[in-house]
Amino acid sequence: MLWVRENGVDEIMAAYHNVSMFAPRELTIVFDVEDLLRSEKRVAVLAEGMSRPAGESCLVLVESAADKERAKLAPARAAAAARWDAEPPDSRTLLAWGQRRLEREKLADELGALEALLTACEGDTTTFFNELGKLCAWCAAAGKVTRADVAELSRPIVGAELDEYLASVARGDVAMAAKRLGRILAEGESEGGIMFALANLVGGALGGWARWRDMSQALGRRKDPRALARALDAIYRAESAWKGGRTDVRLALEMATREVAGA
């Protein structure tokens, strides 16, 4: 797995074309292709490299979701042999996946158990699969998943912890970040602690000390330094407004969350 910002086009092309006699087929996955937008020349180099055969190796480019198609990436799209839009699975699809997982684990399920789990996860794909794995382990001895098991495993509410909130911010899920902010505040998390965590998340993405390094790196891959600097400034302004008595602390946190997640 490679990232455009960290590895560069030359390294990506080298990984794709340098086929080893011991491994004639290689799968190279490249994330955050939209980072190429700052240089049309790099897009052209990537497209040219993709057009040259690489044996049986496969290069997969992953472009993050956007409101509209990024026109400058057209040469790379044209050079690709196939294109696929990965839409988030709907509730019916998640339930079908869950049913198959239970069958694989040889677990029976009480009517409505998987639906209860999906509700507890608020339809979030990653959370659902994580909690489904825990549920399978939890119920392995009994051989059956019940609604009571789901209720027991879902306390406290799935996704309510600080790190889950920061993960939503890092991946740009504004709606989920706002929900999880409300939850951790309701559970008594310190407003100042949340503000510090948010600032640390962005500061880490800019190269500073990061308590949540993986999340900071994810945020750094998603946004360029200029956008991150604007987000950090928004956090400082929100904190100043709160401590100066010009706004409510929760409103300040909501504003800061939207700025960073949607920056």
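Residues numbered from 1 in each chain as written. Predicted model: local features only at pLDDT ≥ 70, side-chain atom pairs only at ≥ 80, totals over all residues. Heavy atoms only, no water.

Visitor: Would you take a moment to explain the pattern of salt bridges for this structure?
Guide: Between side chains of opposite charge, pairing is possible as soon as their charged atoms come close. Going through the model one piece at a time under the given rule, you end up with 15 salt bridges. The salt bridge partner of E105 is R101, with a shortest N-O separation of 3.1 Å. E105 gets classed as partly exposed once you look at its relative accessible area, which sits at 35%. The partner of R237 in a salt bridge is D233, and the shortest N-O contact between them spans 2.9 Å. In this pair, R237 and D233 both sit in helix 12 (residues 225-243), four residues apart, roughly one turn of the helix. For R237, a relative accessible area of 49% gives the class partly exposed. One network of salt bridges, in which partners are shared, links E63, E69, R70, R77 and R83. (Salt bridge = Lys/Arg side-chain N within 4 Å of Asp/Glu carboxyl O. Buried < 20%, exposed > 50% of the residue type's maximum accessible area, 1.4 Å probe, protein only. Helix = DSSP H or I, 4+ residues; strand = E, 2+ residues; numbered from the N terminus.)

Visitor: Just to check I follow, could you spell out the pairing of strand 3 (residues 58-61) for this structure?
Guide: In regular strands, side chains alternate between the two faces of the sheet. Direction of pairing for strand 2 (residues 27-31) relative to strand 3: parallel, over a ladder of four bridges. Residue I29 lies in a different strand from strand 3, and its bridge partner there is V60. With helix 2 (residues 40-51) bridging strand 2 and its parallel neighbour strand 3, the resulting β-α-β unit is right-handed. (Pairing = 2+ DSSP bridges. Right-handed = clockwise from strand over helix to strand, strands pointing away.)

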